[in-house]
Amino acid sequence: MTKQAIIERTIEAIRQLPEDKAEEISDFADFLRKRYEENQLSQGIQKLAAESAAFEFLNNEEELYSVDDLKVVYNG
């Protein structure tokens, strides 16, 4: 289903509801939009930080431990 078809179906459903229920849908749509915008902003910030030269040292950090450092403990 296309976005336009979803919008038209939703509008038709809202028209059939009482005002208080239509307002609930409007509030929920606002909530979803704000959550989407915040998610997009967070992803943008993460991308900027990942590509920033300020954090380049994290990519060049030496490994402090290896597989040989692991120890198996048996509790039997």
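Our subject is the structure that appears above.
Cut-offs applied
- Residues numbered from 1 in each chain as written.
- Predicted model: local features only at pLDDT ≥ 70, side-chain atom pairs only at ≥ 80, totals over all residues.
- Heavy atoms only, no water.
- Helix = DSSP H or I, 4+ residues; strand = E, 2+ residues; numbered from the N terminus.
- Rg over C-alpha atoms; globule rule 2.2 N^0.38 Å.
- Buried < 20%, exposed > 50% of the residue type's maximum accessible area, 1.4 Å probe, protein only.

Enquirer: Got a minute to help me understand the overall build of the protein chain in this structure?
Expert: In terms of helices and strands, the protein chain carries three helices and zero strands. Listing every helix and strand of the protein chain by position from the N terminus yields α-α-α. On C-alpha atoms alone, the protein chain measures out to a radius of gyration of 25 Å, which is more than a quarter above the 11 Å that the 2.2 N^0.38 rule sets for 76 residues. For the C-alpha atoms alone, the extent of the protein chain along its principal axes is close to 65 × 50 × 25 Å. Considering the protein chain as a whole, with its 76 residues, one finds that 1% of them fall into the buried category.

Enquirer: Is there a simple way to think about the environment of D20 in this case?
Expert: By the element assignment, D20 lies in helix α2 (residues 19-51). With 54 residues separating them in the primary sequence, D20 and Y74 have C-alpha atoms 62 Å apart.

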